[in-house]
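Structural overview for review
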Amino acid sequence: MDDRGKLRDAYVPNARVRLASDVAALCAAALLVGLLGTALTWWETSALFDLAGNSQQVVKMGTGYLAGPVLILLALPLTFGLPGQVARKRWFTERILLAAALWLLGLVILIARIAGLDGYDLKAGTYVTAALILVGLLATLAMWPSGLRLVKVNALGKVREPAGSS
């Protein structure tokens, strides 16, 4: 059976894109774990999950923000870049831009959350969250498809023929 009509363009990720994909996905997963940790320690103090605090109150990132890391994981074109994995060319750059916008939105939310906290001391959670967001953003941008080999793949993702280079 000839499957030429069903072939699609795909990128073959190089080591840079595979590593960036792994790092971005791990940062989003770590944020997700952190937000879940916030829920588990809601009525207690926890150095790793608290954003700020004073002698009367602790400020945490609410569990309502769980959607952010999940959306980032869904938006990333490659989640865990495995050897032999290809990424469909269609929507690849748009998905990177969407994931980058979500990372930036997360940073804006974090800054807005801690900006109005007069009389509070920042805790480790603020720095860990900011670091994960910044590293995730940089890793996402490092996935940009410049220099990637373009191939044709069938519906199962098996390479059928070269499509040329881009």
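Residues numbered from 1 in each chain as written. Predicted model: local features only at pLDDT ≥ 70, side-chain atom pairs only at ≥ 80, totals over all residues. Heavy atoms only, no water.

So, the side chain of Thr38
In this fold, Thr38 is placed in helix 1 (residues 15–40). Setting aside residues up to four positions removed in sequence, Thr38 forms contacts with Phe49, Lys60 and Met61. (Helix = DSSP H or I, 4+ residues; strand = E, 2+ residues; numbered from the N terminus. Contact = heavy atoms within 4.5 Å.)

Looking at the environment of Gly84
Within the secondary structure, Gly84 is located in the loop between helix 2 (67–75) and strand 4 (87–88). As for Gly84 and Lys158, which are separated by 74 residues in sequence, their C-alpha atoms are 9.0 Å apart.

A closer look at the packing of helix 3 (residues 92–115) against helix 4 (residues 124–141)
Relative orientation of the contacting elements helix 3 and helix 4 amounts to 160°, with a least axis distance of 9 Å. In terms of their interaxial angle, helix 3 and helix 4 are classed as roughly antiparallel. Two packed elements cross with a definite hand, and for helix 3 against helix 4 that hand is left-handed. Note on element contacts: helix 4 touches helix 3 through Thr126, Thr129, Ala130, Leu132, Ile133, Leu134, Gly136, Leu137, Thr140 and Leu141, opposite Ile96, Ala99, Ala100, Trp103, Leu104, Gly106, Leu107, Leu110 and Ile114. Along the lines of polarity and charge, the residues of the contact of helix 3 with helix 4 split into 14 nonpolar, 5 polar and no charged. (Axes fitted to C-alpha atoms, helices over the stretch in contact; angles between N-to-C directions. Parallel < 35°, antiparallel > 145°, perpendicular 65-115°, else oblique. Left-handed = near helix turned anticlockwise from the far one by under 90°. Nonpolar A, V, L, I, M, F, W, Y, C, P; charged D, E, K, R; others polar.)

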